[in-house]
Amino acid sequence: MSTDTRQDMRLVPAAAACWLAALAGLLLGWWTAVATGLAAVALAGLLLWWARDRPRVRDAAAALLILGLLAAVPISWRVREAQSDELRASAAEGLPAALRVVVAERPKPVRSAGYADQQAGARSVVLTADVRTASVDGRPVPSSGRILLLAPVAQWASLLPGQEVTATGLLMPPRGSDLTAAVLSVRGPPGEPGPAPWWQRAAAGLRTGLHDLCQVLPDEPAGLLPGLVLGDTSALSPRVEQEFVSAGLTHLTAVSGGNLAVICGAVLLLLRLLRLGPRLSAAAAGTCLAGFLVLVGPEPSVLRAGVMAAVALLALALGRRGSALPALAFAVCLLVVADPAMATDFGFALSVCATGGLVLLAPRWADALVRRGIPPGFAEGLAIPLAAFLVTAPVLAGMAGSVSLVSVLTNVLAAPVVAPATVLGVLATVTGPWWPGAGKVLVHLADPEARWLITVARHGARAPHAVIAWPGGWVGGLLAAAVLVVLVLALRHRRVRVLMAVLVAGALLVFVPVRVVAPAWPPRNWAMVECDVGQGDAVVLATAEPGRAVVVDAGPEPGPVDECLHRLAVDRIPLLVLSHLHADHIGGLASVFEGRAVGAIAVGPGRSPGWAWRQVAAEATRRAVPLVELTPGERLDWPGLALDVLGPRYVPARSDAPQDGTTINNSSVVLRAETTAGRVLLTGDVELAAQADLLADIGDLKADVLKVPHHGSRYSLPSFLAAVAPRVALVSVGAGNTYGHPSKSTMDTLTALGARVTRTDMDGDTAVVTGTAIARRGEPRGPPRR
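In this report, the structure presented in the accompanying data block is examined. Every chain is numbered on its own, with residues counted from 1 as its sequence reads. Local features are withheld for residues below a pLDDT of 70 in this predicted model, meaning they are given only at 70 or higher, and side-chain atom pairs are given and counted only at 80 or more; totals for whole chains, interfaces and linings count all residues. Excluded from the side-chain calculations are hydrogens and water; all other atoms, namely the structure's heavy atoms, are used.

Section: the sheet that holds strand 21 (residues 678-682)
Now for step 1: Taken in spatial order, the seven strands of this open sheet run 18-19-20-21-22-23-24, and their pairing is mixed. Across the chains shown, the open sheet's two edge strands, defined by having one partner strand only, are strand 18 (635-638) and strand 24 (756-759). Shown here is a sheet whose adjacent strand axes are inclined to one another by a mean of 20 degrees, direction ignored.
Now for step 2: Two elements, strand 21 and strand 22 (residues 705-707), share three bridges in a ladder whose sense is parallel. In the strand pairing of strand 22, V680 is matched with V705.
Now for step 3: Sitting on the sheet, helix 27 (residues 744-752) touches strand 22, strand 23 (728-731) and strand 24, and the angle it makes with strand 24 is about 145 degrees. Note on pairing: two strands pair once DSSP finds at least 2 bridges between them. Working definition: helices are DSSP H or I runs of at least four residues, strands are E runs of at least two. Numbering for both runs from the N terminus. Only the contacting stretch of a helix is used when fitting its axis, a line to C-alpha atoms as for every element, and angles between N-to-C directions run 0 to 180 degrees. Every residue pair with non-hydrogen atoms within 4.5 Å of one another is taken to be in contact.

Right, dumping it as structure tokens:
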């Protein structure tokens, strides 16, 4: 590796002036962009006068002068035009509008967890569009601004960039500080859709082809590979997506400079082996770059990465050893002038910071490690993710309100397989349409790399305190930056480094053995655990055999129930009971099977909603597991555990017909469990009518532990709660939920009865141990995704 890590800084002040002018204009008003640009011009004039005999300073001042004028005029004009667009005023009044627009980006699905009869997944899409004509409340309105469309996924997801359509809906004010004039909430299909450009249709065909080829892989790798290659996460499971976020690997599923570097690097390496000249190599790599940009779509992250790659290839074509930092600065200037909204885009900030860290810090740190005897390849493998983490941590902390403590390690482990997976995926994409067999072979070759990334992300996310909470917004970002600056400066001194090493070693010696010898979770002799799965239900009932337990309900989404079972070391489930078929009880069904043997799936007599019943039946068939129906009066026994089926007492005659939420809740299977911790009453989501039926038909409802019905909703009879008279009441509820759960009246009633009330949104996983004692894991999940 070369030890010359100096970079040409002449374009950096100009890039900073452009970015600052656009940022100020968007946040404070267009006139601040003018003021910032004029201040840059004035500073450039002073530098030109002062540095008459300093060529490098004079060049930097000239660039600052030119870009200052661009910031003062074009940027401020664009910002003023967007902020004064007439659609913005109409949006503040929430008026109906009919707009003729041109789609600017591929539609992005908006995912949400399932709840009640709403299936988990994407129900709407977000897409950016440019207005051609506008009619607001029946009158024409002049506008040529940018809008954001919120539209039904089924009718709008197939649109392509460049298509012209008519969108009708209600206007809403934009939330962010960008060039968006308004948000249009659309209910119906796109009107009068025009044709998409031929290259966009071709790119869509290639993307669809990759998804089809990936069907030969298991679900998780099949969803991840298009994300790695094309940034297409439409098939990525919510569980894997969340694990990538927690492990600090989410950047791998967003097309950026890394993808372009891999693609262009592979092309240049091949042409170099063929001994072709630099200009021809750069032209060929540029052609591949352009094709790849069309393939993945005109996303902001792709465009900014493409601009920088094009600048680097131009330098290669001209026969100059261009510096990466001037290329980055030029890309910033070009992109911010072309689209001032980039200035407030977190993705743009992450991209610039990451590239800057790789250019300025990684080479120096790698050289320092080499000088200390570390082989060059390992030195670069350590320096690159560490530099990327250091410079992006403040932006990520401010954006997400959290910090991943494992991202450096996970990125080091992931780095070796990213490039092979990307190259194999691209080759499969372009080969599949005319040679499907070869495409499938290439996809199979990329499968181990995708599985490795999922494994790294999963174990990284499972690490204790992998993610810590942090203040969000500008305050959190600046605080994180200050902490990192202090640490870097402090670690420059040898005594501080030695002290830090001693403290870390001491912490490892003290805490690791304690966790290994006497782990805090699960508690000894646990009989029941209410898993924290967010806004949903999942209960684990222990048998007398270690590793064997009965599970009741599976939560709203894959992942949380699997993690809970993993922490409890449960690998055999003789029976999985689904109390009823609402999404927040069956959404995590597939993940219960991960690495576990399941004897049977049990359900009640209800068959609504229809989509949920079909999903459960299909999963049972796929796993070759019996699907059985429980009826009141049945008794099931295992060593150390017995279950009596108490309800439902009443089910509508046509249980497979569409039913409302209350009817489905009242069809919940109600179980009474005899455990080593006493009697447990599991009530599903039964509401007033079903509780009254139980009171009337069951002579003795008394139980030591109550799984509070319906997440503690207000639909609980005080007489029912009094008949149970629990010593412990467990409420499974999601943090920050918008449903009013748990109800204050229900909580007050339980407290008045003398019950000890726990809540998963505050306590995390909650265990009942022998003697009806309570143990809390204390790491509740965050708010449910909406």
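Now that the structure is up, let's keep going.
Some words on empty space enclosed by the protein
Now for step 1: Space inside and on the surface of the protein is sampled on a 1 Å grid over the protein atoms alone, with a cavity defined as a set of points where a 1.4 Å probe fits but cannot get out and a pocket as an open set with protein on both sides within 12 Å along at least 5 of 7 lines; lining residues have an atom within 4 Å of a point. Grid points are joined across faces, edges and corners, and a volume is the space filled by probe spheres set on the points. Under the counting rule described, the total for this entry stands at three cavities of 30 Å³ or more.
Now for step 2: If you go around the largest cavity, you meet twelve residues; those closest to its centre are H580, L581, G606, R607 and S667.
Now for step 3: The nonpolar class holds Ala, Val, Leu, Ile, Met, Phe, Trp, Tyr, Cys and Pro. Asp, Glu, Lys and Arg form the charged class, and all remaining residues, Gly among them, are polar. Residue composition of the lining of the largest cavity, grouped by class: four nonpolar, seven polar and one charged.
Now for step 4: Lining the second largest cavity, in full, are V539, V552, D553, V577, S579, V669, L671, L682, T683, G684 and K707.
Now for step 5: Looking at the lining of the second largest cavity, its residues break down into six nonpolar, three polar and two charged.

Some words on helix 23 (residues 610-623)
Now for step 1: Over its 14 residues, helix 23 extends 20 Å from the first C-alpha to the last, a length consistent with the 20 Å expected when each residue adds 1.5 Å.
Now for step 2: Whether a residue is buried, partly exposed or exposed follows from its accessible area with a 1.4 Å probe, protein chains only, as a fraction of its type maximum: under 20%, in between, or over 50%, in that order. Of the positions making up helix 23, those classed as buried are W611, A612, V616, E619 and A620.
Now for step 3: Remark: A624 follows helix 23 within two positions and exhibits a positive phi of approximately 55 degrees. Each residue after the first adds 1.5 Å to the expected span of a helix.

Description of the side chain of D644
Now for step 1: When you line up the elements, D644 lands in strand 19 (residues 641-647).
Now for step 2: Look at D644 and you get buried, because its relative accessible area is 12%.
Now for step 3: Those residues in contact with D644, other than ones at most four positions away along the chain, are E634, R635, V670, L671 and R672.

Brief notes about the sheet that holds strand 25 (residues 766-769)
Now for step 1: With mixed pairing, the eight strands of this open sheet are ordered in space as 17-16-14-12-11-10-25-26. Each edge of the open sheet is held by one strand with a lone partner, namely strand 17 (627-629) and strand 26 (773-776). Averaged over all pairs of adjacent strands, the angle between their axes in this sheet comes to 20 degrees, without regard to strand direction.
Now for step 2: Pairing analysis gives four bridges linking strand 10 (residues 526-530) to strand 25, with the strands arranged antiparallel. Across the sheet, M528 pairs through a bridge with V768, a residue of strand 25.

Let's talk about the pattern of salt bridges
Now for step 1: Every case where a carboxyl oxygen of Asp or Glu lies within 4 Å of a side-chain nitrogen of Lys or Arg is listed as a salt bridge. Applying the stated criterion to the full structure yields 30 salt bridges.
Now for step 2: As a salt-bridge pair, R239 and D562 come within 2.0 Å of each other at their nearest N and O atoms. Remark: D562 occurs in helix 20 (residues 560-567) and R239 occurs in helix 8 (residues 238-246); sequence separation between them is 323 residues. In this pair, the class of R239 matches that of D562, namely buried.
Now for step 3: Residue R548 pairs with E545 through a salt bridge whose shortest N-O separation is 2.9 Å.
Now for step 4: Classification of R548 by relative accessible area gives partly exposed; the value is 22%.
Now for step 5: What makes E545 partly exposed here is its relative accessible area of 28%.
Now for step 6: Several salt bridges share partner residues, and in doing so they unite E220, R239, E243, R458, R462, D562, E563 and R596 into one network.

None of this, on its own, says anything about what the molecule does.
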